[in-house]
Every structure is written in structure tokens, then in C-alpha cells.
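# Coordinate analysis (summary)
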Amino acid sequence: MLNFRVPLADMRFVMNEVYDYPAHYRGLGGSEPATPELVDAIMEAAATYSEEVLAPLYTPGDTEGCHFHAGEVSTPRGYKAAYQQFIEGGWQGLSYPAEYGGQGLPMSLNLIKSEMMGTANWAFNMYPGLSIGCINTIMQYGTESVKAQFLPPLVSGAWTGTMCLTEPQCGSDLAQVKTLARPLDNGRYALSGTKIFISSGEHDLTDNIIHIVLARLPDAPAGTRGISLFLVPKFKVLADGSLGERNPVHCGAIEHKMGIAASATALLNFDQAEGILIGEIHKGLEAMFTFMNTARIGTAIQGVAHAELSHQGALAYARERRSMRSLSGKKEPGQAADAIVWHPDVRRMLLTQKAIAEGGRAMIYGAAQWADRMFAAAWAGDQQTHHLCDAELGFYTPILKGFLTEMGIEAAQLGIQVLGGHGYIREHGMEQIARDARISTLYEGTTGIQALDLLGRKVMLQTKGRCVRDFTHRMWLLARGALLSPGFRGRWGRSLAWRALQWNALTLRLMVQARSDADQVGAASFDYLMYSGYVMMAYYWALMAERAQQALHSGQGGQSAAFYRAKIETAQFYFERILPRADVHHRTALAPARTLMQMHACPLQSD
Ligand SMILES: Cc1cc2nc3c(=O)[nH]c(=O)nc-3n(C[C@H](O)[C@H](O)[C@H](O)COP(=O)(O)OP(=O)(O)OC[C@H]3O[C@@H](n4cnc5c(N)ncnc54)[C@H](O)[C@@H]3O)c2cc1C
């Protein structure tokens with residue numbers, strides 16, 4: 001049985017000692033100052049709710065799953081009551097403006113709260129999680145009357161939202177969207193078509209569900225330039241905010257999935273359902289992608305969440321389970337055998353999980369500060385700052401989403417391995433984590449799509465390598481002060497400095513290769529993404545080691561000396577045993593596309 005505890009000490013270390021969140025929050029302004037006392041109280045309350053309400057529903061929700069009957073979906077036992085508590089806690093509105101009933105706090109707090117709740121129970125977290133994309137879209141593109149009508153119940157959590165992009169013939173390639181939106185006399189549109197795989201598309205947690213839908217007008221140009229965005233409520237909403245007649249958008253089925261069984265994934269049929277245009281005609285994809293970075297970082301959290309949960313379960317087991325003796329002599333002579341935590345290979349697995357969870361957390365909390373600045377600018381109508389922060393976040397996003405979710409799956413698999421055969425058995429919960437983690441590299445853009453976005457769009461097309469130069473400059477600034485230091489500090493300093501050079505050189509070589517072979521971008525993109533992830537995580541591990549060392553030296557940190565020592569030791573482990581993987585990705589990224597493309601296309605065989 002899993003016994004999840006929110007890693008508050010680590011979260012506080014990253015927030016307060018690595019990034020100085022208190023100063024960051026003071027700099028943001030905003031309607032509700034996020035004072036350290038307030039932030040602390042919110043974190044404590046979110047931790048209690050996650051541990052006491054959501055975590056106990058994790059395994060039963062998986063066993064029971066969702067139920068579908070005649071178009072209606074019911075969530076597993078206990079989910080309704082837990083969601084009611086979610087509403088009463090005001091959790092959905094944490095980071096939304098007070099004028100819509102929110103608490104006006106920075107968006108990073110919402111991400112951090114999401115990490116806690118998602119680690120406790122990712123499937124539950126999907127219900128309020130999908131509303132965020134819906135709220136953000138309405139907030140940015142809705143007319144004043146649409147905002148007034150739809151935002152208060154969404155922000156309170158009384159209604160939930162969805163994002164309806166995927167159709168049977170297309171998921172990654174939204175240029176193929178077919179759902180049709182026919183103009184009506186009342187200024188609205190009648191939507192017809194089928195959307196599949198819609199998370200939270202139908203459920204029994206709220207009275208209404210607001211769908212944000214990609215569709216085309218009858219005269220729309222083909223491709224991505226002909227897609228518009230619509231708001232389609234499950235129940236029409238009257239002028240006074242009360243619910244009107246049922247809109248003809250019906251759930252035809254829910255999917256039977258490998259994991260996240262308690263999250264309803266719906267097939268939705270739109271049969272002349274009435275919708276409201278959001279934003280400009282034909283510019284729907286642009287609007288949909290405005291806050292995509294934040295949504296994708298929300299999914300990157302899933303990598304950290306599963307690594308953390310799996311690590312907690314595996315560590316507890318490894319301390320108790322006994323097998324043979326430690327190679328360097330008995331560690332627990334009074335026992336029949338030593339605990340498996342003494343074996344180097346078990347430590348390899350546990351430390352890999354720990355390095356992924358804590359390194360990933362540091363990456364996300366760093367990016368979350370850019371999200372704070374971006375949302376503060378968006379709500380204040382400062383377009384220039386909004387775009388600037390969005391562009392910065394745009395570089396981090398594919399790396400965080402692609403790399404951290406791949407690593408989360410690795411961590412979850414290691415969790416099973418630490419438990420041996422018992423890891424494969426349901427009652428320990430480790431196999432559920434691995435099943436739940438598997439979706440994270442598929443939705444919100446597959447790893448392949450993130451990799452193309454990073455190398456093809458962000459690095460080559462949009463910035464000609466500037467985003468890498470900017471980030472590696474930061475690496476160099478950190479490394480510079482450590483280069484000549486003795487011991488580990490000097491080692492990470494030299495390693496970071498070398499990787500900063502290597503990352504730029506790799507980028508340049510790929511840009512040159514791409515000129516003579518267009519397939520090279522696609523051939524290199526996955527390895528380039530993973531290389532970037534390992535190197536970026538190294539920067540954050542160095543940063544954490546530096547802060548931990550300073551705290552040990554000054555004796556003034558907020559955590560125990562043992563905590564700081566473990567941080568430095570995990571950083572050492574990362575630099576010696578995880579970062580070298582970057583070399584393989586470096587070499588593979590530079591291999592010519594030929595070995596991938598020379599074989600006859602379909603089926604991949606030589607005849
Ligand atoms: C549980 C679950 C929940 C979901 N929730 C939602 C939701 O709420 N809303 C929603 O709209 N959708 C949702 N989806 C859909 C999800 O976003 C898509 O499945 C995903 O985007 C991939 O699309 P696809 O399945 O059509 O795969 P495809 O696009 O057909 O891709 C198949 C494979 O080809 C690769 N590929 C495709 N194009 C390229 C290319 N140009 N270059 C390189 N590789 C490429 C992909 O990386 C992938 O490996 C959900 C899916 C699941 C399973």
C-alpha cells in the first residue's frame with residue numbers, strides 16, 4: 001500500500017532557497033500579495049487535502065474505474081465528495097482574478113498545488129486540471145459577456161471545462177480537423193462532428209461542462225489557417241446564469257485505458273450543438289495555443305509526480321525488505337539479512353528516481369516563475385511582456401514536457417524493479433503508477449511532437465539557436481564561479497562549462513546538416529530533446545548543490561544539515577551516473593538520417 005507524503009521540505013527548499021520565491025512574489029504585485037505566511041498556509045492546506053482526501057482514493061479509483069450508461073458517466077466512489085471539498089477549499093480559483101471569484105494569487109502556486117494533488121491522485125487531478133485550459137482561453141479571448149457568464153462558475157469549480165481538439169483521423173495533425181461550425185441567425189454556430197479522447201468530457205462531478213472546441217466554418221480554407229475556436233456548453237446558459245436546455249453534445253462512450261482509469265476519457269458527438277465563437281474566425285489554433293505552454297508544463301508535472309510517488313513507495317520497501325548481505329560486510333548483523341537498500345544496484349534505482357523527482361521539480365519551479373510573469377502581464381493587458389515571457393517559456397516547455405515525462409516513466413518502471421516480483425503485483429501500487437505514467441508522453445503533444453517543436457521550431461526557425469545561447473549563458477555564469485574550486489564544486493563547474501559549449505556546437509552542427517538534408521531535423525529531434533533535458537537538469541542540480549553548500553556553510557538554511565548533505569550527494573550522483581547519458585544522445589543526434597530513411601517505407605522491410 002502506498003502512503004504518500006507531500007515532500008514539503010523539498011518544495012520549500014526549491015521555492016525559498018533555490019529561487020527566492022518570496023522576493024519573486026513581491027516583485028509581481030497583483031491583487032493579493034503572496035506573502036510567505038499565506039503561501040505556507042496554502043501549501044499546508046493543499047498537502048493535507050492531498051494526503052488525507054485524494055491519496056486514499058488513488059488505488060480504489062483505479063480498481064473501480066468510471067462507469068458509462070446511456071450517455072451518462074459516473075466517477076468512482078468517493079470522487080464526488082472529494083470534488084465537493086475541492087470546490088469548498090477554493091482550489092480552482094487560486095490563481096484567477098478576484099473579479100471572477102478567484103484569489104488572484106500567482107500561477108506558480110496553482111502549479112505547485114497541482115503537483116501535490118496530482119502526485120496523490122493524477123486521475124482525480126485531471127478533472128479540475130482540464131478546466132484550466134478552458135478558463136485561460138475564455139479569459140484571454142472571451143467577450144466581456146462570455147467572461148461574465150462562464151468564468152465565475154468555472155473559477156469556483158462549480159462547472160468544469162474541456163479542450164476538444166482530437167478527432168478520429170487526427171491528434172497531432174490538427175490541420176485535418178473536420179468538425180463543422182455552421183453560422184446561425186442568432187450570431188452563434190451549430191457544431192457537428194466527433195471528438196475523441198476528451199478528458200473529463202462527461203462526468204457526474206458538476207452540473208455543467210464547458211467544452212472548448214476546434215472546428216471549421218463551411219467556407220474555411222483547408223489546413224490550420226481555417227480552424228476556429230468555439231465554446232459549447234453541455235447545458236445552455238441563460239442570461240441570468242441559470243442552466244437552460246440540454247445542448248446536443250452527447251457522450252457516445254468512454255475509453256477503456258491502460259491507466260488513469262478514474263479519469264473519464266470521452267467520445268463526444270456534436271449534433272448541431274450551439275456554440276459561441278471565441279476569438280477571431282480562422283484563428284482558433286493560435287488562440288488554443290496561447291496558453292499551451294502552461295498546459296504542457298502542467299503535464300510535465302506528471303513526470304515529477306510519478307517519480308516522487310514511485311520513489312516514496314520503493315524507498316519504504318527497500319528499507320524493510322531483506323536479501324543477502326551487503327558486499328562490503330554485514331550492515332544489520334542482528335537480522336537474518338541486510339535490507340536491500342544497502343545494495344549498490346538498488347541504490348542506483350532509488351537515486352535515479354530521487355534525482356528525476358527533485359531535479360524535475362527544480363526545472364518546473366524555475367519555469368513557473370516565467371509563467372507568473374506571463375499571466376500577470378496577460379491579466380494586466382501588457383501584451384509585450386506577455387509575449388516576451390511566453391517566448392521564454394516556449395523554450396522550456398518542450399524540454400520539460402518531453403524529457404520529464406519520459407523520465408517519469410523510467411522512474412515508475414524502476415519503482416516496480418525495486419520491489420522485485422512484488423512490484424508486479426497490484427496491492428503494492430507500483431504497477432498502477434507505471435500504467436498511469438504511460439499516458440504522459442502521449443497527450444498534450446507526444447514526445448516526438450515536442451522534439452520537433454524544440455529543434456525545428458523553437459531552436460532553428462524561431463530563434464536560430466538564440467534560446468540555447470541564452471540558456472547556456474546562464475549555465476556559464478553559474479559554472480564560472482566554480483571552475484577552479486576543489487572537489488565536487490570544481491567538477492560540476494567544469495562539467496557545466498563544457499556542456500554549455502557542447503550544446504551550442506551540437507545546435508550549430510544540426511543547423512548546418514539540416515540545410516543539406518531536411519529529414520535530419522526529424523531524425524535528430526528526439527535525441528536532441530533528451531540531450532537538452534539531461535544538460536538542463538544538470539544546471540538545476542548544480543544550482544541546488546550550490547545553495548545546499550551555502551546553507552551548510554552558513555548554518556542558516558531552513559532545512560536540516562542531513563537534508564543539505566543528501567542534496568549534494570544526489571547532485572554528485574546525477575553528474576556521475578545520469579548526465580553521461582547525454583553523450584549517447586549527442587552522438588546519436590549527429591548520426592545521418594540515412595539509417596532511418598533508407599529502408600523501404602511500408603512495411604519497414606527490404607523487398
Ligand atoms: C487518455 C487520453 C486523454 C486525452 N485527452 C485529450 C483531451 O482532453 N483533448 C484532446 O483534444 N485530446 C486528448 N487526447 C488525445 C491526445 O492528445 C492524442 O492522442 C495525441 O495528441 C496524439 O495524437 P494521435 O493519437 O492521433 O496520434 P498521431 O498523431 O496519429 O501520432 C502517432 C505517432 O506518430 C507520431 N507523429 C505524428 N506526426 C508526426 C510528425 N510530423 N513527426 C514525427 N512524428 C509524428 C507521433 O509522435 C506518434 O508517435 C487524449 C488521449 C488519451 C489517450
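Below is a short write-up of the structure.

So, how was this worked out
- Residues numbered from 1 in each chain as written.
- Predicted model: local features only at pLDDT ≥ 70, side-chain atom pairs only at ≥ 80, totals over all residues.
- Heavy atoms only, no water.
- Helix = DSSP H or I, 4+ residues; strand = E, 2+ residues; numbered from the N terminus.
- Rg over C-alpha atoms; globule rule 2.2 N^0.38 Å.
- Buried < 20%, exposed > 50% of the residue type's maximum accessible area, 1.4 Å probe, protein only.
- Contact = heavy atoms within 4.5 Å.
- Areas by Shrake-Rupley, 256 points an atom, 1.4 Å probe, with all protein chains shown as cover.
- Lys, Arg positive; Asp, Glu negative; His and termini not counted.
- Charge placed at Lys NZ, Arg CZ, Asp CG, Glu CD.
- Near = heavy atom within 4 Å.
- Polar contact = N/O pair within 3.5 Å; in protein donor to acceptor, adjacent residues only side chain to side chain.
- Salt bridge = Lys/Arg side-chain N within 4 Å of Asp/Glu carboxyl O.
- Axes fitted to C-alpha atoms, helices over the stretch in contact; angles between N-to-C directions.
- Parallel < 35°, antiparallel > 145°, perpendicular 65-115°, else oblique.
- Left-handed = near helix turned anticlockwise from the far one by under 90°.
- Nonpolar A, V, L, I, M, F, W, Y, C, P; charged D, E, K, R; others polar.
- Expected span 1.5 Å × (residues − 1).
- Phe/Tyr/Trp six-rings, centres within 6.5 Å; stacked < 30°, edge-to-face > 60°.
- Lys NZ or Arg CZ within 6 Å of the ring centre and 35° of its normal.
- Pairing = 2+ DSSP bridges.
- Disulfide = S-S within 2.5 Å.

### Details of the overall build of the protein
Each helix and strand counted, the protein has 20 helices and eleven strands in total. Its C-alpha atoms give the protein a radius of gyration of 24 Å, near enough to 25 Å, the size a compact globule of 607 residues would have. Within the protein, the proportion of its 607 residues that are buried is 57%. Pairs at least 24 residues apart make up 74% of the contacts formed inside the protein by residues separated by at least 6 positions. Roughly 24,900 Å² of accessible area belongs to the protein as shown, and the carbon and sulfur atoms make up 55% of that amount. The average position of the 54 basic charges and that of the 56 acidic charges among the side chains of the protein differ by 8 Å.

### As for the site of the ligand
Surveying the vicinity of the ligand reveals 20 residues, the closest of which are Met163, Thr166, Ser172, Phe197 and Thr446. Within the contact set of the ligand, a nitrogen atom lies 2.7 Å away from a side-chain nitrogen or oxygen of threonine 166. At 2.8 Å from a nitrogen atom of the ligand is found a side-chain nitrogen or oxygen belonging to serine 199. Taking 980 Å² as the accessible area of the ligand by itself, protein coverage stands at 61%.

### Here we look at the pattern of salt bridges
Across all of its chains, the model carries 31 salt bridges by this definition. Lysine 147 is the salt-bridge partner of glutamate 144, the closest N and O atoms lying 3.5 Å from each other. One end of the pair is glutamate 144 and the other is lysine 147, both in helix α8 (residues 144–156) and three residues apart, which spans about a single turn. Given a relative accessible area of 56%, glutamate 144 falls into the exposed group. A salt bridge links lysine 354 to glutamate 358; the nearest nitrogen and oxygen atoms lie 2.8 Å apart. Of this pair, lysine 354 and glutamate 358 both sit in helix α11 (residues 344–379), four residues apart, which is roughly one turn of that helix. Through salt bridges with shared partners, a single network forms among Asp10, Glu115, Glu308, Lys354, Glu358, Arg361 and Lys567.

### Some points on the packing of helix α1 (residues 8–18) against helix α6 (residues 107–120)
Packed helix pairs are characterised by how far apart their axes lie and by the angle those axes make with each other. The contact between α1 and α6 brings their axes to 12 Å, and the two run at 160°. The orientation of α1 relative to α6 falls into the category roughly antiparallel. Here the hand of the crossing between α1 and α6 comes out right-handed. Note on element contacts: α6 touches α1 through Ile112, Glu115 and Met116, opposite Leu8, Met11 and Met15. For the contact of α1 with α6, a count of residues per class yields five nonpolar, no polar and one charged.

### Quick look at helix α3 (residues 36–54)
Over its 19 residues, α3 extends 25 Å from the first C-alpha to the last, a length consistent with the 27 Å expected when each residue adds 1.5 Å. The complete set of buried residues in α3 reads Val39, Ile42, Met43, Ala46, Ala47, Tyr49, Ser50, Val53 and Leu54. Of the surrounding secondary structure, the elements contacted by the buried residues of α3 are α1, α2 (21–28), α4 (58–64), α5 (79–88), α6 and α7 (122–141).

### Considering the packing of aromatic side chains
Using the criterion set out here, one finds 26 aromatic pairs in the structure. When the centroid spacing of 5.3 Å and the interplanar angle of 65° are considered together, the rings of phenylalanine 13 and phenylalanine 563 count as edge-to-face. One end of the pair, phenylalanine 13, is in helix α1; the other, phenylalanine 563, is in helix α18 (residues 561–578), with 550 residues separating them in the sequence. In this structure, phenylalanine 13 and phenylalanine 563 share a single accessibility class: buried. Lying over the aromatic face of phenylalanine 235, arginine 246 brings its terminal NZ or CZ to 5.5 Å of the ring centre. Positioned over the ring face of tryptophan 370 is arginine 373, at 4.6 Å from the centre of the ring.

### Side note on the pairing of strand β9 (residues 243–246)
Of the pairings in the sheet, the one linking strand β8 (residues 235–237) to β9 comprises two bridges and is antiparallel in character. From the neighbouring strand, phenylalanine 235 faces β9, where its bridge partner is arginine 246. Counting the residues that bridge the hairpin from β8 to β9 gives five residues, and of these glycine 241 lies at a positive phi of roughly 90°.

### Focus on unusual backbone geometry
If you check the backbone angles, phenylalanine 197 has positive phi at about 60° while not being a glycine. One non-glycine residue, glutamate 444, lies in positive phi territory at about 55°. Along the polypeptide, glutamate 444 turns up in the loop between α13 (430–438) and α14 (447–462). A residue is classified by how much of its surface remains accessible, and glutamate 444, at 27% relative accessible area, is partly exposed.

### A word on the environment of alanine 336
Here alanine 336 lies in the loop between α10 (292–320) and α11. Once the C-alpha coordinates of alanine 336 and arginine 322 are considered, the two residues, 14 residues apart in sequence, prove to be 7.7 Å apart.

### Remarks on the packing of α1 against helix α17 (residues 519–554)
Axis separation between α1 and α17 bottoms out at 11 Å; the angle between their running directions is 80°. Classified by the interaxial angle, the pair formed by α1 and α17 is roughly perpendicular. On the side of α1, the interface is formed by Phe13, Val14, Glu17 and Val18, while α17 contributes Leu543, Met544, Arg547, Ala548 and Ala551. Looking at side-chain class alone, the contact of α1 with α17 contains seven nonpolar, no polar and two charged residues.

### Observations regarding the state of the cysteines
Applying the stated criterion to the full structure yields zero disulfides. There is no disulfide at cysteine 66, and the cysteine sulfur nearest it, in cysteine 251, is 10 Å away. The class for cysteine 66 is buried, based on a relative accessible area of 16%. Of the cysteine sulfurs around cysteine 164, a residue in no disulfide, the closest is that of cysteine 134, at 9.3 Å. Looking at cysteine 164, the relative accessible area reads 0%, which means it is buried.

### A closer look at the pairing of strand β4 (residues 180–183)
Of the pairings in the sheet, the one linking β4 to strand β5 (residues 189–199) comprises four bridges and is antiparallel in character. Counted as the bridge partner of arginine 182 is alanine 190 from β5. Between β4 and β5, which pair antiparallel and follow one another directly, the connecting turn spans five residues, one of which, glycine 187, has a positive phi of 90°.

### Re the side chain of glutamine 312
For glutamine 312, the location among the structural elements is in helix α10. Here the side chain of glutamine 312 touches arginine 5 through a polar contact of 2.6 Å, landing on its backbone oxygen. Excluding residues within four positions of it along the chain, glutamine 312 makes contact with Asn3, Phe4, Arg5 and Pro7.

### Observations regarding α18
Over its 18 residues, α18 extends 25 Å from the first C-alpha to the last, a length consistent with the 26 Å expected when each residue adds 1.5 Å. Of all the positions in α18, only Phe563, Tyr564, Lys567, Ile568, Thr570, Ala571, Phe573, Tyr574, Phe575 and Ile578 are classed as buried. In this fold, the buried residues of α18 make contact with α1, α11, α16 (487–516), α17 and α19 (581–590).

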